[in-house]
Amino acid sequence: MEALRLEIKQLIIKSLDLEDITADDIEDDAPLFESSGLGLDSIDALELGVALRKQYNLTIEANNTNNRQHFQSVSSLAAFVEQQKN
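Every chain's residues receive numbers from 1 upward, in the order its sequence appears when written. Predicted model: local features are reported for residues with pLDDT of at least 70 only, side-chain atom pairs are reported and counted for 80 or more only, and whole-chain, interface and lining totals are derived from all residues. Values reported for side chains reflect all heavy atoms of the structure, with hydrogen atoms and water molecules removed beforehand.

Considering helix α2 (residues 42-56)
For the record, the criterion: A helix here means a DSSP run of H or I that spans at least four residues, while a strand means a run of E at least two residues long, and both kinds are numbered starting from the N terminus. Each helix should span, by expectation, one fewer than its residue count multiplied by 1.5 Å. Each residue is placed in one exposure class: buried if its accessible area under a 1.4 Å probe, protein chains only, is under 20% of its type's maximum, exposed if it is over 50%, and partly exposed if it falls in between. By the convention used here, residues are in contact when the closest approach between their heavy atoms is within 4.5 Å. For this analysis, a polar contact is any N or O atom pair within 3.5 Å, provided that within protein one partner can donate a hydrogen and the other can accept it, and provided that sequence-adjacent residues contribute only side-chain to side-chain pairs.
Compared with an ideal rise of 1.5 Å per residue, which puts 15 residues at 21 Å, α2 spans 21 Å between its outermost C-alpha atoms and is within 8% of the ideal. Looking at α2, one finds that the buried residues are D44, L48, G49, A51, L52 and Y56. If you follow the buried residues of α2, they end up packed against α1 (2-15) and α4 (74-85). Capping of α2 at its N-terminal end is provided by D41; its side-chain oxygen lies 3.1 Å from the backbone amide nitrogen of I43.

The following block contains the structure:
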């Protein structure tokens, strides 16, 4: 799971063009969409969702109430990817 979290961090950095951030700067359980974490916004969420779908062949439903929970942190995204794989 650690390797998957690192892949997701690198995907976040690449897909959102976060040039001043490294994977080491992103904590596994830090919130992605709050100022105490990366401070991403709704456009970032869309871009990240597209990147995750392409990278991992995920099914992300637009009206799924669990999306907010899945996109909470790197750890929650990794769990979501693992769940979709199985």
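As for unusual backbone geometry
A positive phi angle, close to 55°, is found at D17, a residue other than glycine. Note that D17 resides in the loop between α1 and α2. One non-glycine residue, N57, adopts positive backbone phi at about 55°.

Quick notes on α4
With 12 residues, α4 should cover 16 Å at 1.5 Å per step; its first-to-last C-alpha distance of 16 Å lies within 8% of that length. Restricting attention to buried positions, one finds in α4 the residues V74, S75, S76, L77, A78, F80 and V81. Buried residues along α4 sit against α1, α2 and α3 (67-70).

Observations regarding the nonpolar core
For clarity, the threshold we go by: We define a nonpolar core as any set of buried Ala, Val, Leu, Ile, Met, Phe, Trp, Tyr and Cys residues linked to one another through side-chain atoms lying within 4.5 Å.
Membership of the largest hydrophobic core comes to 23 residues, with the highest contact counts inside it found for I8, I12, L52, Y56, L58 and L77. Going through the elements one at a time, α1, α2 and α4 are the ones with two or more residues in this core. Residues within four places of L58 in sequence aside, it is in contact with L52, R53, F80, V81 and Q84.

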